[in-house]
Amino acid sequence: MKVYLAVDVMDSLVVWGKSGKREEYVPIEKVSKVVKSSNLREFFKELKVKRAYVADLDRIEGKGSNLAVIDEIGRSVELIVDGGFKSVEEALNHSFTPIFATETFDVRKLEGFESCIVSVDVKERLLDASKSFGSVEDLLEYLNSLKLKAVIVLPIHSVGTYSFDFSLLEKALDILSHRVITGGGLKPEDLDRVKEMGVYGVIIGTAFHQGKIDPKVVERGEL
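Below you will find a few notes about this structure.

So, how was this worked out
- Residue positions are given per chain, counting from 1 as you read along its sequence in written order.
- At least 70 in pLDDT is required for a residue's local features to be given in this predicted model, at least 80 for side-chain atom pairs to be given and counted, and no such filter applies to totals for whole chains, interfaces and linings, which use all residues.
- Think of the side-chain values as coming from all heavy atoms in the structure, minus any hydrogens and water.
- Take the buried Ala, Val, Leu, Ile, Met, Phe, Trp, Tyr and Cys residues and link them wherever side-chain atoms come within 4.5 Å; each set so joined is a nonpolar core.
- Throughout this description, buried means an accessible area under 20% of the type-specific maximum (1.4 Å probe, protein chains only), exposed means over 50%, and partly exposed covers the range between.
- The contact criterion used is simple: two residues touch if any of their non-hydrogen atoms lie within 4.5 Å.
- A 1.4 Å probe that fits into a set of points on a 1 Å grid over the protein atoms alone but cannot get out defines a cavity; an open set with protein on both sides within 12 Å along at least five of seven lines defines a pocket, and lining residues are those with an atom within 4 Å of a point.
- Grid points are joined across faces, edges and corners, and a volume is the space filled by probe spheres set on the points.
- Note on conventions: DSSP H or I runs of at least 4 residues are helices, E runs of at least 2 residues are strands, and numbering of each starts at the N terminus.
- DSSP-based pairing: two strands are paired if at least 2 bridges between them are found.
- Along the arc lie the directions from the helix axis toward the C-beta atoms.
- Pairing of aromatic rings covers Phe, Tyr and Trp, the last through its six-membered ring, and needs centres within 6.5 Å; plane angles under 30 degrees mean stacked, over 60 mean edge-to-face, and all others mean tilted.
- In this scheme, Lys NZ or Arg CZ marks a charge over a ring once it lies within 6 Å of the ring centre and within 35 degrees of the ring normal.

1. As for the nonpolar core
One finds Val7, Phe44, Leu79, Leu110 and Leu143 to be the most contacted residues of the largest nonpolar core, which totals 66 residues. Excluding residues within four positions of it along the chain, leucine 110 makes contact with Val88, Phe100, Phe105, Cys116, Val118 and Leu146. Tyr53, Ile156, Ile181 and Ile203 belong to the second-largest nonpolar core, a separate cluster that totals 18 residues.

As structure tokens, this is what we get:
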């Protein structure tokens, strides 16, 4: 099972928060027992990271961009990146695999584009920029018609809480024909369970920074 370190970026800093409440996010150095710098470049210099999931919160919220630095990092680290992309063209010619998140992107525009990942964003309810799907189930069924590298199942309401939404994951695994990546509130003891469920990859953040996961797991990028 692949392991991706979660890296949320705001104003060139790696930040941490709970449940998607972005106005309350703080620099990662204030909570991490593992890393001393919140500066995006310094963060990756300090840690040995094989794979990372990066969310450019500035682009997602339409307040700026950190993609130049992310592209630079992507030349040496395997990155999957949610850049708040509004079109396929914006996501082309980068060093990383782009993520098209349902919160910000109309996934119906992905027909014929294969080199990407879709993030199914749920915050108590499905976040659907397309306004086309009546339920998570409807969206998952639709995604089976696309050729994708993987689908991320992301219960945003669980991020940073140690209370992972297994019901959402079970639903996704039952419906999807794609590889599934998941994260958001996973406890260390949950990792073996999701691996046994057949998950392709996990995104870890809080447990890693609180010293509950061996840094070698992130260095290997595998579990």
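2. So, empty space enclosed by the protein
Evaluation of the coordinates by the stated rule reveals one cavity of 30 Å³ or more. The space that makes up the largest cavity amounts to roughly 460 Å³. Forming the boundary of the largest cavity are 33 residues, of which Ala6, Asp8, Tyr25, Tyr53 and Val159 lie nearest the centre. Secondary structure elements with two or more residues in the lining of the largest cavity: strand E1 (2-10), strand E2 (13-16), strand E4 (51-56), helix H2 (57-60), strand E11 (201-204) and helix H7 (206-209).

3. Considerations on the pairing of strand E5 (residues 78-82)
The element E5 is extensively covered by neighbouring structure, given that four of its five residues are classed as buried. Inspection of the sheet shows E4 paired to E5 by five bridges, in the parallel sense. Bridging across to E5, arginine 51 finds its partner in glutamate 78.

4. Focus on the pairing of E2
Bridging between E1 and E2 involves three bridges; their strand directions are antiparallel. The residue bridging methionine 10 from the neighbouring strand is leucine 13, located in E2. Here E1 folds back onto E2 in antiparallel fashion, the turn holding two residues, of which aspartate 11 has a positive phi close to 55 degrees. Bridge analysis of E2 against strand E3 (residues 26-27) gives two bridges, and the strand direction is antiparallel. Following the sheet pairing, tryptophan 16 is matched in E3 by valine 26.

5. Some words on helix H4 (residues 136-143)
Given 3.6 residues per turn, any residue in an α-helix points the same way as the ones three and four places further on. Along H4, the residues classified as buried are Val136, Leu139, Leu140, Tyr142 and Leu143. Down the axis of H4, the smallest arc covering the buried residues is 160 degrees, so these residues share one side.

6. What to know about the packing of aromatic side chains
We describe a pair of aromatic rings using the distance from one ring centre to the other and the angle between the two ring planes. Under the counting rule described, the total for this entry stands at seven aromatic pairs. Ring plane angle 75 degrees and centroid distance 5.4 Å describe the contact between phenylalanine 43 and phenylalanine 44, whose orientation is recorded as edge-to-face. With respect to class, phenylalanine 43 is no different from phenylalanine 44; both count as buried. Between the aromatic rings of phenylalanine 100 and phenylalanine 105, the centroid separation amounts to 4.6 Å while the plane-to-plane angle is 50 degrees, which identifies the pairing as tilted. When its relative accessible area of 2% is taken as the criterion, phenylalanine 105 is described as buried. Taken together, the aromatic side chains of Phe85, Phe96, Phe100, Phe105 and Phe113 make up a single cluster linked through ring pairs. Cation over ring: arginine 193 sits above phenylalanine 166, and NZ or CZ is 3.7 Å from the ring centre.

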